[in-house]
Amino acid sequence: MAEDRTPVSENPLPAVADEPPWWQDAIVYQIYPRSFADGNGDGVGDLRGIAARLDHVCWLGADTIWLSPVFRSPMADAGYDISDYCDIDPLFGTLADMQALLDAAHARGLRVLLDFVPNHTSDQHPWFVASRSARDHPKRDWYIWRDQPNDWRAAIGAGSAWTWDAHSGQYYLHLFLPQQPDLNWRNPEVVAAMHGVLRFWLDRGVDGFRIDVAHCVGKDPSFADHPRCLAGEPLAHFNDDPYSHEVLRGIRRLVDSYPGHRVLVGEVNIRSTATVVQYYGAGDELHLSFNFPPLDAPWDPVVFRTCIREVDALLQPAQAWPTWVLSNHDNERHRTRYGGSLCRARAAALMLLTLRGTPFLFQGEELGLQDCVTLPHERVDPGGRDGSRAPLPWLQAPPHGWDGARPWLPFPPDAGELSVATQRARADSILHLYRALIAQRRASPALRRGSWEELPSPPEVLAYRRRHGDDVRVACINFSAQRQTLALAGQWQVLADSDGVPVPRRFAGELLSDQALLLQPVEAAS
Ligand code: NOJ
């Protein structure tokens with residue numbers, strides 16, 4: 001596997017011992033490869049397309065990219081159904097293209113995270129083909145087979161989590177589509193095989209992994225019915241068996257045996273922060289875990305205040321480093337969720353990039369994109385998640401930089417106006433706002449790793465102070481359609497304004513509707 005390829009050079013960490021690990025300072029940009037950029041003109045984004053557009057990520061100021069799956073797959077779930085973990089799907093390119101992308105990213109100082117999907121394979125994976133071939137096949141126990149189903153339900157609208165296999169006369173378990181059978185991580189051969197997959201990519205120089213449904217790999221060994229499933233909820237929304245922690249500890253040990261502080265970011269998609277904290281272990285499981293409530297949150301100060309307070313109260317004592325994310329490929333884009341308001345999307349960007357924790361950006365949010373609208377015949381995803389997955393418009397004029405075949409999904413609304421080229425030419429665009437906020441974050445120890453403290457404010461405003469030594473910043477976000485006043489002791493100057501009004505300027509104690517400001521004490525600025 002890995003032996004015949006030369007690993008790329010490591011990204012050295014800062015030499016100073018008390019510097020935080022790089023991933024605490026990181027700004028991660030999620031690339032959804034199908035829709036980022038098309039290198040071969042077939043209408044689907046690919047690795048060459050990504051390599052050709054890395055400068056966009058660098059210009060923006062993000063330092064880490066996470067690629068959604070690009071491995072060999074029949075694409076029943078857009079690549080989250082993998083039939084070969086150690087090869088690239090021809091739709092996206094080749095292993096050589098991936099190595100070229102890794103080298104190109106590292107040459108620019110960008111780190112690369114791949115999507116590791118441990119819970120399930122494709123039903124076309126040779127392991128599953130072997131497993132289902134006969135009840136006494138040595139790989140039968142690599143998957144989860146039972147004579148009787150229980151009440152567990154699958155996600156993506158798939159109904160029962162059990163599918164009958166007529167050939168071998170048993171049911172197999174799948175927490176997602178029937179084409180995504182669950183692996184049995186209690187079988188040591190599965191552990192060894194999946195560790196081999198991680199080594200394959202670590203040897204090629206990847207900087208870490210986003211771990212798909214990390215909380216799902218361990219299952220209740222008693223296979224007891226669950227009342228929440230009976231009520232129609234998929235098991236993947238709350239599965240939380242202790243064995244998942246053992247699996248993650250094993251993966252962490254493996255990753256830690258590599259130089260260069262490779263990182264594990266878990267998708268623990270359980271809407272309970274107290275439970276999610278457990279997946280950081282005692283510093284021996286995940287380095288980072290996604291924090292999901294903001295992905296559902298409407299533009300509401302009560303919801304955000306509650307969520308931010310909870311993260312602060314629960315993660316800090318556990319020394320668990322938070323993450324923040326507003327959009328991804330599974331959810332409506334946040335601008336769409338906020339009623340289509342560009343103003344709110346701009347204010348949310350200021351919040352995202354000033355909170356305590358690693359921000360994750362989803363490609364296109366820096367353009368203020370909304371979900372695309374699909375006609376019935378254009379729909380691709382069985383889970384109805386096409387909206388946020390639309391192609392990125394690079395140029396103003398159609399086909400917006402997608403010069404070959406018609407792209408696999410329609411463009412989002414206002415694609416020309418919101419294209420990268422159009423917005424780069426406008427200093428007051430949301431694209432320039434993201435870039436300015438990222439630059440502010442990079443330049444400020446308070447924003448990168450300082451303390452977080454909520455400040456008194458009117459109920460419609462969220463205001464907080466970040467502090468690291470002498471470095472102080474205040475962020476204030478007005479969630480209302482009315483002008484609000486905010487009394488702060490001392491003199492403050494505005495460093496960033498979500499409305500794009502030029503900065504720096506004095507803070508006059510007021511916020512316009514849906515406006516967010518980043519402030520610095522005047523004495524520090526002079
Ligand atoms: C979470 C991924 O983000 C989603 O796209 C996928 O459908 C499921 N896991 C199953 O792999």
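Residues numbered from 1 in each chain as written. Predicted model: local features only at pLDDT ≥ 70, side-chain atom pairs only at ≥ 80, totals over all residues. Heavy atoms only, no water.

Going by the annotation in an unreviewed UniProt entry, the name recorded for the chain is Alpha-amylase, with Cupriavidus nantongensis given as the source organism. For the chain, the Sequence similarities (unreviewed entry) comment in UniProt is given as "Belongs to the glycosyl hydrolase 13 family." (UniProt positions renumbered as here; feature names shortened; annotations may be inferred.)

Another point: the sheet that holds strand E14 (residues 451-454). Spatially, 6 strands are ordered E14-E15-E16-E21-E18-E19 in an open sheet, and the strand pairing comes out antiparallel. Whereas interior strands pair on both sides, the edge strands pair on one side only; in this sheet they are E14 and strand E19 (505-506). Sheet topology places strand E16 (residues 471-478) next to strand E21 (residues 516-521); 4 bridges connect them, and they run antiparallel. In the sheet register, Cys476 faces E21, and the bridge partner there is Leu517. Sheet strands touched by helix H12 (residues 301-315): E14 and strand E15 (461-468). Its angle to E14, the strand with the most contacts, is close to 140°. (Pairing = 2+ DSSP bridges. Helix = DSSP H or I, 4+ residues; strand = E, 2+ residues; numbered from the N terminus. Contact = heavy atoms within 4.5 Å. Axes fitted to C-alpha atoms, helices over the stretch in contact; angles between N-to-C directions.)

Right, let's get into the UniProt feature "domain: Glycosyl hydrolase family 13 catalytic" (unreviewed entry) in the chain. Sites flagged by UniProt as "domain: Glycosyl hydrolase family 13 catalytic" (unreviewed entry) map to residues 30-389. Along residues 30-389, the helical share is 31% and the strand share 13%, with 12 Å between the first and last C-alpha atoms.

Turning next to the site of the ligand. The immediate surroundings of the ligand are formed by 13 residues, with Asp77, His120, Asp212, His329 and Asp330 found nearest. A distance of 2.9 Å is found between an oxygen atom of the ligand and a side-chain nitrogen or oxygen belonging to His120. Contact distances for the ligand include 3.0 Å between an oxygen atom and a side-chain N or O atom of Arg385. Isolated, the ligand exposes 290 Å² of accessible area, and the fraction of that covered by the protein chains is 98%. (Near = heavy atom within 4 Å. Polar contact = N/O pair within 3.5 Å; in protein donor to acceptor, adjacent residues only side chain to side chain. Areas by Shrake-Rupley, 256 points an atom, 1.4 Å probe, with all protein chains shown as cover.)

Right, let's talk about the packing of helix H7 (residues 188-203) against helix H9 (residues 242-256) for a bit. Relative orientation of the contacting elements H7 and H9 amounts to 30°, with a least axis distance of 11 Å. Classified by the angle their axes make, H7 and H9 are roughly parallel. When the axes of H7 and H9 are compared, the crossing they make is right-handed. Contacts between H7 and H9 pair His195, Leu198, Arg199 and Leu202 from the former with Gly250, Ile251, Leu254 and Val255 from the latter. Across the contact of H7 with H9, the residue classes tally to 5 nonpolar, 2 polar and 1 charged. (Parallel < 35°, antiparallel > 145°, perpendicular 65-115°, else oblique. Left-handed = near helix turned anticlockwise from the far one by under 90°. Nonpolar A, V, L, I, M, F, W, Y, C, P; charged D, E, K, R; others polar.)

This part covers helix H6 (residues 126-133). Those residues of H6 not exposed but buried are Trp127, Phe128, Ala130 and Ser131. Seen from one end, H6 has its buried residues packed into an arc of 160°, which puts them on one side. Each element contacted by the buried residues of H6 is listed here: strand E4 (84-88), strand E6 (145-146), strand E8 (170-173) and H7. (Buried < 20%, exposed > 50% of the residue type's maximum accessible area, 1.4 Å probe, protein only. Arc of directions from axis to C-beta.)

As a further point, take the sheet that holds strand E11 (residues 288-289). The 8 strands lie next to each other as E11-E10-E9-E5-E2-E1-E13-E12, forming an open sheet whose pairing is parallel. The open sheet is flanked by E11 and strand E12 (323-325), the only strands paired with a single partner. Pairing of strand E5 (residues 111-116) with strand E9 (residues 208-211), which is carried by 4 bridges, proceeds in the parallel orientation. Directly across from Leu114, in E9, lies its bridge partner Phe209. Helix H5 (residues 95-107) rests against strand E2 (64-67) and E5 of the sheet, and its axis sits at about 140° to E5.

Note: interface size is frequently given as the accessible area lost on complex formation between the parts. Per the domain assignment, the segments of the chain are domain 1 (22-122 + 187-441), domain 2 (126-173) and domain 3 (451-525). For domain 1 and domain 2, the distance between their C-alpha centroids amounts to 29 Å. Across the boundary between the two partners, domain 1 contributes 25 residues, which contact 18 residues of domain 2. Summed over both sides, the interface of domain 1 with domain 2 buries roughly 1800 Å², with 66% coming from carbon and sulfur. Here domain 1 and domain 2 share 0 salt bridges between them. Counting every contact that joins domain 1 to domain 2 gives 9 residue pairs in polar contact (both at pLDDT 80 or more). Elements that contribute at least two residues to the side of domain 1 that touches domain 2 include exactly H7 and helix H8 (227-230). (Domains from an automatic or database assignment. Buried area = accessible area lost by both parts, 1.4 Å probe. Salt bridge = Lys/Arg side-chain N within 4 Å of Asp/Glu carboxyl O.)

What follows deals with the pairing of strand E13 (residues 358-362). Looking down a regular strand, the side chains alternate between one sheet face and the other. For E13, the buried fraction is high: 5 of the 5 residues fall into the buried class. Residues of E13 alternate between two faces, with Thr358, Phe360 and Phe362 on one and Pro359 and Leu361 on the opposite face, all of them buried. One ladder, built from 3 bridges, connects strand E1 (residues 28-31) with E13; its direction is parallel. Looking at E13, one finds that Gln30 is bridged to Phe362. Pairing analysis gives 3 bridges linking E12 to E13, with the strands arranged parallel. Of the residues in E13, the one forming a bridge with Trp324 is Pro359.

According to the stated counting rule, one finds 31 salt bridges in the structure shown. The shortest N-O distance in the salt bridge between Asp165 and Arg132 comes to 3.2 Å. With Asp165 in strand E7 (residues 162-165) and Arg132 in helix H6, this residue pair connects regions lying 33 residues apart in the sequence. Since its relative accessible area comes to 5%, Asp165 is described here as buried. One network of salt bridges, with partners in common, ties together Asp77, Asp330, Asp381, Arg385 and Arg389.

Quantified by volume, the largest pocket comes out at close to 490 Å³. Lining the largest pocket we find 23 residues, and of these Phe176, Glu267, Asn269, Asp330 and Arg385 sit closest to its centre. The residue makeup of the lining of the largest pocket, split by class, is 7 nonpolar, 8 polar and 8 charged. Its volume calculated, the second largest pocket comes out at about 280 Å³. Along the walls of the second largest pocket sit 15 residues, with Trp23, Gln24, Gln319, Ala320 and Trp321 positioned nearest its centre. (1 Å grid on protein atoms, 1.4 Å probe; cavity = no way out; pocket = protein on both sides within 12 Å on 5 of 7 lines; lining within 4 Å. Points joined across faces, edges and corners; volume = space filled by probe spheres on them.)

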